[in-house]
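Residue strings, one per chain:
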Amino acid sequence: MENENLLKLKNAALKDIEEANSVDSLNAVRNTYLSKKSELSSLTSQIGQLPPEDRKAFGAALTEVRVAITSAIEEKMTYLKNKELEEKLEKEQIDISLPGISYEPGGRDPFYVIQDEMIEIFLGMGFEVADGPEVEKDLYNFELLNIPKDHPARDMQDTFYINDNELLRTHTSPVQARTMEAKKGAPVRIICPGKTYRRDDDDATHSHQFAQIEGLVIDKGINIGHLKATLELFAKKMFGEKREIRLRSSYFPFTEPSVEVDINCANCGGKGCNMCKGTGYIEILGAGMVHPNVLKMNGYDPEEYSGFAFGVGIDRMAVLRYGIDDIRKLYTNDVRFLKQFKKMS
Ligand code: PHE
């Protein structure tokens with residue numbers, strides 16, 4: 001074997017390495033020139049057949065060729081691997097022209113929008129906000145409101161009892177008694193927003209949990225004119241300047257006289273339509289002059305003091321304002337409803 005042939009082999013290998021343009025093709029070149037079946041390997045195994053004096057020089061020549069090919073392959077391999085990695089990264093790069101995943105900002109629940117609006121209206125008239133517990137004593141929920149045990153009016157407000165003396169309050173009216181107790185005979189002008197409960201079969205217009213805003217004013221010389229003016233202003237602020245109210249006689253054990261308050265229908269202006277069931281009016285709340293017994297039981301002299309009270313359903317206000325077709329939607333946190341509401345408001 002002549003060195004000339006070895007040189008040819010080496011040049012052929014270097015040329016192939018030079019031309020290899022992928023990691024795969026370079027691996028093929030390595031296989032061709034350096035594997036056990038390669039020409040170089042078979043030449044190496046033939047060293048023993050050479051005359052002893054030639055073996056050393058030929059061996060050295062073979063090694064030189066192997067080293068040259070190996071290092072050329074290694075160098076090219078590093079280059080090709082880097083190149084291929086770069087190409088891959090380039091392909092995988094984030095396409096910033098693609099639209100991203102957008103998260104819609106949340107909105108306020110219609111219930112709280114309405115509640116805040118109602119509170120604002122009464123704060124503007126000089127009311128302060130009072131609070132009371134949802135798990136209430138029978139004493140405050142009924143007895144101090146002139147509804148003694150076994151009074152038939154209790155049937156109108158059946159609820160969830162914790163024990164014989166404690167229950168989930170059926171209205172916010174117990175805060176009337178609590179406030180009178182706390183004010184110890186001084187004038188009162190409060191509202192109390194809060195949750196209330198009744199045993200009810202839930203449907204589109206009934207919910208076992210709902211919410212009210214209670215109002216109570218006690219002072220010297222308070223008459224039903226004050227009640228009417230206050231609630232008319234509330235109705236106008238809530239439903240528009242054109243709204244008028246009408247008082248209908250009603251019954252609550254803790255007020256005398258008692259009234260239901262209606263507003264003229266915004267939809268038909270009072271002519272009668274589907275929304276007001278042909279009556280021209282929509283009922284919005286219950287109210288009345290504080291019953292002398294209630295004043296007396298809670299530390300006020302009915303000869304000296306008088307007052308009015310009202311209780312208005314917050315859910316009902318939201319239903320009327322936004323035309324919500326099912327009261328339960330206010331409690332079920334259905335995102336579709338909340339989104340729809342966001343568009344409405
Ligand atoms: N508490 C009554 C109800 O829930 C409403 C009301 C409050 C009536 C205050 C008169 C005075 O039906």
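For the structure itself, look to the data block above.
Presented here is a report on the structure given in the accompanying data block. Treat the numbers as computed from the prediction; the structure is a model and nothing was measured.

Turning next to the packing of helix α1 (residues 3–19) against helix α4 (residues 52–92). Relative to each other, α1 and α4 sit at 5°, their axes nearing to 10 Å. Our classification of the angle between α1 and α4 gives roughly parallel. Residues N3, L6, K10, A13, L14, I17, E18 and E19 of α1 pack against F58, A61, L62, E64, V65, A68, I69, A72, I73 and K76 of α4. The class makeup of the residues in the contact of α1 with α4 is 12 nonpolar, 1 polar and 5 charged.

Looking now at α4. The end-to-end C-alpha distance of α4, which contains 41 residues, comes to 59 Å, matching closely the 60 Å that a straight helix rising 1.5 Å per residue would cover. Within the span of α4, buried status applies to F58, G59, A61, L62, V65, A68, I69, I73, K76, M77 and L80. Turning to α4, the residues buried within the fold contact α1, α2 (23–34) and α3 (39–45).

Let us now look at the sheet that holds strand β1 (residues 128–129). Within the open sheet, the 7 strands sit side by side as β1-β5-β6-β10-β9-β8-β7. Their pairing is mixed. If you trace the sheet from one side to the other, it starts and ends with β1 and β7 (245–252), each paired once. In this sheet, strand β5 (residues 188–197) lies alongside β1 in parallel orientation, the contact comprising 2 bridges. Bridging from a neighbouring strand, E128 pairs with I190 of β5.

So, on to the site of the ligand. The full set close to the ligand counts 15 residues, and H171, S173, R198, Q212 and G311 are the nearest of them. Interatomic distance of 2.9 Å between a side-chain N/O atom of S173 and a nitrogen atom of the ligand. At 2.9 Å from an oxygen atom of the ligand is found a side-chain nitrogen or oxygen belonging to R198. Coverage of the ligand by the protein amounts to 92% of the 320 Å² it exposes when considered alone. For the shell around the ligand, the secondary-structure elements that each account for two or more residues are β6 (209–219), β9 (281–290) and β10 (306–313). In terms of residues, the shell around the ligand owes the most to one element, β10, which gives 3 residues. Split into classes, the residues belonging to the shell around the ligand amount to 5 nonpolar, 8 polar and 2 charged.

This brings us to the sheet that holds strand β2 (residues 135–137). Spatially, β2-β4-β3 is the arrangement adopted by the 3 strands of the open sheet, whose pairing is antiparallel. The sheet terminates laterally at β2 and β3 (161–163), the two strands that pair on one side only. Between one strand and the next, the sheet's axes are offset by a mean angle of 30°, whatever the strand orientation. Pairing geometry for β3 and strand β4 (residues 166–168), over 2 bridges, is antiparallel. Looking at the pairing, N163 lines up with E166 of β4.

What follows covers helix α5 (residues 110–124). The end-to-end C-alpha distance of α5, which contains 15 residues, comes to 21 Å, matching closely the 21 Å that a straight helix rising 1.5 Å per residue would cover. For α5, the side-chain oxygen to backbone nitrogen distance between the N-cap and F111 is 2.8 Å, and the N-cap itself is D109. Looking one or two residues past α5, G126 carries a phi angle of roughly 95°, positive in sign.

Let us look at the pairing of β7. Here β7 runs beside strand β8 (residues 255–264); their pairing, made up of 7 bridges, is antiparallel. The residue bridging F252 from the neighbouring strand is T255, located in β8. Hairpin connection between β7 and β8: a loop of 2 residues separates the two successive antiparallel strands.

Tallied over the entire structure, the rule returns 18 salt bridges. In this structure, the salt-bridge partner of D325 is K329, at a minimum N-O distance of 2.9 Å. Each of the salt bridges in this network shares a partner with another, and the network as a whole consists of D138, E143, K149 and R154.

Take a negative patch on the surface next. Taken together, the side chains of D24, E84, E86, E87 and E90 present a region of like negative charge at the surface. Tallying contributions element by element places α4 first for the negative patch, with 4 residues. Since its relative accessible area comes to 33%, E84 is described here as partly exposed.

Parameters and conventions
- Residues numbered from 1 in each chain as written.
- Predicted model: local features only at pLDDT ≥ 70, side-chain atom pairs only at ≥ 80, totals over all residues.
- Heavy atoms only, no water.
- Axes fitted to C-alpha atoms, helices over the stretch in contact; angles between N-to-C directions.
- Helix = DSSP H or I, 4+ residues; strand = E, 2+ residues; numbered from the N terminus.
- Parallel < 35°, antiparallel > 145°, perpendicular 65-115°, else oblique.
- Contact = heavy atoms within 4.5 Å.
- Nonpolar A, V, L, I, M, F, W, Y, C, P; charged D, E, K, R; others polar.
- Expected span 1.5 Å × (residues − 1).
- Buried < 20%, exposed > 50% of the residue type's maximum accessible area, 1.4 Å probe, protein only.
- Pairing = 2+ DSSP bridges.
- Near = heavy atom within 4 Å.
- Polar contact = N/O pair within 3.5 Å; in protein donor to acceptor, adjacent residues only side chain to side chain.
- Areas by Shrake-Rupley, 256 points an atom, 1.4 Å probe, with all protein chains shown as cover.
- Salt bridge = Lys/Arg side-chain N within 4 Å of Asp/Glu carboxyl O.
- Patch = residues over 30% accessible without salt bridge, like charges linked within 9 Å, V, L, I, M, F, W, Y side chains within 5 Å.
- Lys, Arg positive; Asp, Glu negative; His and termini not counted.
- Charge placed at Lys NZ, Arg CZ, Asp CG, Glu CD.

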